[in-house]
Amino acid sequence: MGSELAEIAIKILLVLGAFALLPLLVGQAEHKVMAHMQGRLGPMYAGGFHGWAQLVADGVKFAQKEDVIPRDADRRIFMIAPGVALVPYLVVLAVIPVGAGQVALDLGIGLFFALAVMGIGVIGAIMAGWASANKYSLIGGMRVAAQLMSYELPMVFAASSVAMAAGTLSLSGIVDEWRWWWLPWQAIGGVVFFVAGLAELRRPPFDMPVADSEIIFGPYTEYGGLRFALFLLAEYAGIVVLCALTTVLFLGGWNGPFMSADLGWLWTLTKVLALAFVVIWLRVSYPRMREDQLQKLAWGFLVPLALAQLALTGVVKVMITS
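Quick summary incoming for the structure in this document. (Residues numbered from 1 in each chain as written. Predicted model: local features only at pLDDT ≥ 70, side-chain atom pairs only at ≥ 80, totals over all residues. Heavy atoms only, no water.)

Details of helix α5 (residues 135-166)
- End to end, α5 covers 46 Å across 32 residues, agreeing with the expected 46 Å (1.5 Å per residue, within 8%).
- A bend of about 30° at tyrosine 151 is the largest found in α5, and the proline proline 154 appears one to four places after it.
- Sitting at the head of α5, asparagine 134 places a side-chain oxygen 2.7 Å from the backbone nitrogen of tyrosine 136.
- With its phi angle positive at about 75°, glycine 167 sits one or two positions after the end of α5. (Helix = DSSP H or I, 4+ residues; strand = E, 2+ residues; numbered from the N terminus. Expected span 1.5 Å × (residues − 1). Bend = angle between axes of the 7 residues up to and from the residue. Polar contact = N/O pair within 3.5 Å; in protein donor to acceptor, adjacent residues only side chain to side chain.)

Have a look at this one:
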């Protein structure tokens, strides 16, 4: 009994450590990658060598800002919204395997559990927009809801294709069944899943809910200080979770050459960080889409592509088993 409790405690500490460290690494990488790609000089000087203290400076800035709640806001909802946006990504990390047998909580329905809990994180932004008593924030919250409704469907379809191919909803089971030829077989689903995930996270070019040139900063307009910092942390935590799920579902997780099974977690981490770089690259490279373009992409392209991937998976699965 004592050894089991110790094992659970170690797993919890590891998940908390990953949750505390990886989003900050992605945030720091975004500063540096954008600084190089766009010629931004500021982030390259803070602290001296290569601007290593930029993230520290941002944290100090947020801690010093005054925490203001609008007079007409729904105070309770306003205060808990940042937590609702952040905590679900911590829960999802607990069910994502990083190596063979290396997962905090191995659920038989881990895939659908992860997708369902990620949707709760999006609700935090909707709560923030509604509770702020600000019309710009409310518009941003409505845009968040519209993106959630539009992109949840292709995301689930794409993930279902992998589950159908593997014959299981367990994330560890999907990686165990994964073979290299799944890369071309599930490529369409992988692209759909990744793009839909970016839209749910409101990452550029899908950042219409926080369009600062149109609606100030959308659901987060009335937030300042550490509450605003929690929303930013939730965004980077969402990037980590999306990249980890994409790695596990479509890139083989810990499978890779040149490493033993015990070091498979290095392959998982490498793939996650490579996908995070792609997320940052897309932010730098593409302008914000219009709201009608966003809906057209979801319903006119991603949903049909996800359904086509499901049909292809079904046909190939029948051919393999017959």
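Continuing now.
Structural notes on the environment of glycine 59
- Within the secondary structure, glycine 59 sits in helix α2 (residues 54-64).
- Relative accessible area serves as the criterion here: at 37%, glycine 59 is assigned to the partly exposed category.
- With 199 residues separating them along the chain, glycine 59 and phenylalanine 258 place their C-alpha atoms 39 Å apart. (Buried < 20%, exposed > 50% of the residue type's maximum accessible area, 1.4 Å probe, protein only.)

Some words on the packing of aromatic side chains
- Taken as a whole and judged by the stated rule, the model has twelve aromatic pairs.
- Taking 4.0 Å as the distance between ring centres and 5° as the angle between the ring planes, the aromatic pair formed by phenylalanine 78 and tyrosine 223 counts as stacked. Of this pair, phenylalanine 78 sits in helix α3 (residues 75-93) while tyrosine 223 is found in the loop between α9 (212-215) and α10 (225-250), placing the two residues 145 residues apart along the sequence. Of the two residues examined, phenylalanine 78 and tyrosine 223, each falls in the buried class.
- Aromatic side chains tryptophan 181 and tryptophan 185 sit 5.4 Å apart centroid to centroid with 25° between the ring planes, which places their arrangement in the stacked category. (Phe/Tyr/Trp six-rings, centres within 6.5 Å; stacked < 30°, edge-to-face > 60°.)

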